[in-house]
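Listed below are the residues making up each chain.
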Amino acid sequence: MSNRATVLYDAPGPRARNLYRFASLVVAALMVAIGYVIYRALDEKGQLTAAKWDPFLESTSWTTYLIPGIRGTLIAAAMSIVFALILGSALGIGRLSEHNIIRKICGVIVELFRAVPVLILMIFSYQVFAEYEVFKSKYLALAAVVVGLTLYNGSVIAEIVRAGINSLPRGQSEAAKALGMRKTQIMVTILLPQAVTAMLPALISQMVVALKDSALGYLIGYVELVRQAQQLGTFYGNFLPALIVVAAIMIALNSALTFLATKVEKRLRSGKRKGKGPIAAPPADPAVSVPGMDLTKP
């Protein structure tokens, strides 16, 4: 075996390779031992029996617990994602404003809500809404979850929007100003359409975060998937299978959201490739003469 050096590091020698193999075996043995201890503990509690999975074959388990939880999770996530995109776009554009006061106000809002944990925002919103009766009691938890997710994710999206717009060449804005376009026209028709494609991967990740963070709503009594799974586990005494099923459902929902957003991103990128390129200048007309310039020459 040759001792060729790689680009980033030198290839390990015989002693180093033996040490790596020994360390790998030790780690693998530790993982097996930990897995066996967990298996024994769960088996002694009767959590690995087939009877614990039987409730998921009954329709009442789904109609009473899981389906309402999935519906609550999707409603909170969808509303918070839409509102966060709107808020984040407004704050991100505001941080690029030429007016100093607007930049400072948007910057304070972004930095404040990025620093506060989502759960604190949910609890605070719930207490405020309940104290001043802003919403009806049956909508209190939903409103608090949506507001908390919107404020946090909107602040993060604001930074994504700001970075995406700043990544574009400045020459485009300068050329648009030279043509007499207003600032709003430049932002809406030139900068944002180009920045959206560059921002989509980060936006997709933030949408997945919003969907997962909706599970925090169970702490304020919101009917979502994790809370319903806990109630199902309490009723049937099968906490482990219930959590495994919830994890599988959440993975499926996040994968579906990622797949949909990725398809949209690919379509946007392919649309740009198929679009028309820059308008070419018309060929010079030999019949047109300009003093001191021969237009027939290349």
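To keep things clear, this report deals only with the structure shown in the data block.

Cut-off values and rules
- Here the residue numbering is sequential within each chain, running from 1 through the sequence in written order.
- For this predicted model, a pLDDT threshold of at least 70 governs which residues receive local features, and a threshold of 80 or more governs which side-chain atom pairs are given and counted, while totals over whole chains, interfaces and linings are taken from all residues.
- Side-chain measures here rest on the full set of heavy atoms in the structure, leaving out hydrogens and waters.
- By definition, any uninterrupted DSSP run of H or I lasting at least four residues is a helix, any uninterrupted run of E lasting at least two residues is a strand, and each is numbered from the N terminus.
- For the exposure calls, accessible area comes from a 1.4 Å probe over protein chains only, and a residue counts as buried if that area is under 20% of its type's maximum, exposed if over 50%, partly exposed in between.
- What makes two residues a contact is simply this: any of their non-hydrogen atoms within 4.5 Å.
- Where accessible areas are quoted, they stem from the Shrake-Rupley method and a 1.4 Å probe; at the residue level, only the protein chains shown are allowed to cover.
- Axis lines are fitted through C-alpha atoms, for helices just across the contact stretch, and the angle between N-to-C directions can take any value from 0 to 180 degrees.
- Note on convention: the crossing is left-handed when the near helix lies turned anticlockwise from the far helix by less than a right angle, right-handed when the turn is clockwise.
- Classification convention: Asp, Glu, Lys, Arg as charged; Ala, Val, Leu, Ile, Met, Phe, Trp, Tyr, Cys, Pro as nonpolar; all other residues, Gly among them, as polar.
- For this analysis, a nonpolar core means a set of buried residues of the types Ala, Val, Leu, Ile, Met, Phe, Trp, Tyr and Cys, connected via side-chain atoms within 4.5 Å.
- Each Phe, Tyr or Trp ring, with Trp reduced to its six-membered ring, pairs with another whose centre is within 6.5 Å; inter-plane angles below 30 degrees give stacked pairs, above 60 give edge-to-face pairs, and intermediate values give tilted ones.
- Take a side-chain nitrogen of Lys or Arg and a carboxyl oxygen of Asp or Glu: if they are within 4 Å of each other, that pair is a salt bridge.

### Here's the deal with the overall build of the protein chain
For step 1, the next point in the chain: Helix and strand counts for the protein chain stand at nine helices and zero strands.
For step 2, the next point in the chain: Mapped from its N terminus to its C terminus, the protein chain presents α and β elements in the order α-α-α-α-α-α-α-α-α.
For step 3, the next point in the chain: Buried positions account for 33% of the 298 residues belonging to the protein chain.
For step 4, the next point in the chain: In the protein chain, of all internal contacts separated by at least 6 residues, the share reaching a separation of at least 24 is 71%.
For step 5, the next point in the chain: On the protein chain, roughly 19300 Å² of surface is accessible, and the fraction owed to carbon and sulfur atoms is 67%.

### A word on the packing of helix H5 (residues 140-166) against helix H7 (residues 183-213)
Angle between the axes and distance between the axes are the two parameters that describe a pair of packed helices.
For step 1, the next point in the chain: Their axes nearest at 8 Å, the elements H5 and H7 cross at an angle of 145°. Between H5 and H7 the crossing geometry is right-handed. Residue-level inspection shows Leu149, Tyr152, Asn153, Val156, Ile157, Ile160, Val161, Gly164 and Ile165 of H5 in contact with H7, the latter providing Met187, Leu191, Leu192, Ala195, Met199, Ala202, Leu203, Gln206, Val209, Ala210 and Asp213.
For step 2, the next point in the chain: Of the residues assigned to the contact of H5 with H7, the class counts are 16 nonpolar, three polar and one charged.

### Let's talk about the packing of helix H2 (residues 59-94) against H7
For step 1, the next point in the chain: Running from amino to carboxyl end, H2 crosses H7 at an angle of 140°, the nearest separation of the two axes being 11 Å. Every pair of crossing elements has a handedness; the one defined by H2 and H7 is right-handed. In this structure, H2 contributes Thr73, Ala77, Ser80, Ile81, Leu85 and Ile93 to the contact, and H7 contributes Met187, Leu192, Leu203, Met207, Ala210 and Leu211.
For step 2, the next point in the chain: Grouping the constituent residues of the contact of H2 with H7 by class yields 10 nonpolar, two polar and no charged.

### A few points about the nonpolar core
For step 1, the next point in the chain: By size, the foremost hydrophobic cluster in this structure holds 22 residues, and its most contacted members are Phe56, Leu66, Leu225, Leu232, Val246, Ile249 and Leu257.
For step 2, the next point in the chain: Secondary structure elements with two or more residues in this core: H2, H7, helix H8 (225-236) and helix H9 (239-274).
For step 3, the next point in the chain: Ignoring any residue separated from it by four or fewer positions in sequence, one finds Val246 in contact with Leu225, Val226 and Ala229.
For step 4, the next point in the chain: Formed by 15 residues, the second largest nonpolar core is a distinct cluster that contains Ala176, Ile190, Ala195 and Leu203.

### So, the side chain of Ser97
For step 1, the next point in the chain: Mapped onto the secondary structure, Ser97 falls in the loop between H2 and helix H3 (100-115).
For step 2, the next point in the chain: On the basis of relative accessible area, Ser97 is assigned to the buried category, the value being 16%.
For step 3, the next point in the chain: Look past the residues within four positions of Ser97 in its chain and what remains in contact with it is Ile102 and Arg103.

### Side note on the packing of aromatic side chains
For step 1, the next point in the chain: Per the stated rule, a full pass over the model turns up four aromatic pairs.
For step 2, the next point in the chain: An angle of 40° between the planes, with centres 6.5 Å apart, marks the rings of Tyr65 and Phe235 as tilted. Here Tyr65 is found in helix H2, whereas its partner Phe235 is found in helix H8, with 170 residues between them in sequence.
For step 3, the next point in the chain: Residue Tyr65 is classed as buried on the basis of its relative accessible area of 13%.
For step 4, the next point in the chain: Grouped by ring-pair contacts, the aromatic residues Tyr65, Phe235 and Tyr236 constitute a single cluster.

### What about the side chain of Gln228?
For step 1, the next point in the chain: Within the secondary structure, Gln228 is located in helix H8.
For step 2, the next point in the chain: The buried category is assigned to Gln228, whose relative accessible area is 5%.
For step 3, the next point in the chain: For Gln228, the contacting residues outside a window of four places in its chain are Thr64, Tyr65, Pro68, Gly69 and Val223.

### Notes on the pattern of salt bridges
For step 1, the next point in the chain: Under the criterion given, the structure shown has eight salt bridges.
For step 2, the next point in the chain: Across the pair Glu111 and Arg95 runs a salt bridge, and its minimum N-O distance is 3.6 Å. Taken together, the positions of Glu111 in helix H3 and Arg95 in the loop between H2 and H3 put the pair 16 residues apart, joining distant regions of the chain.
For step 3, the next point in the chain: By relative accessible area, which is 40% here, Glu111 ends up partly exposed.
For step 4, the next point in the chain: When the shortest N-O distance is used, the salt bridge between Glu98 and Lys177 registers 3.8 Å. Placement of Glu98 in the loop between H2 and H3 and of Lys177 in helix H6 (residues 170-178) is noted, with a sequence separation of 79 residues between them.
For step 5, the next point in the chain: By sharing partners, the salt bridges in this structure join Arg95, Glu111, Arg114, Glu159 and Arg162 into a single network.

Taken by themselves, the reported measurements are silent on function.
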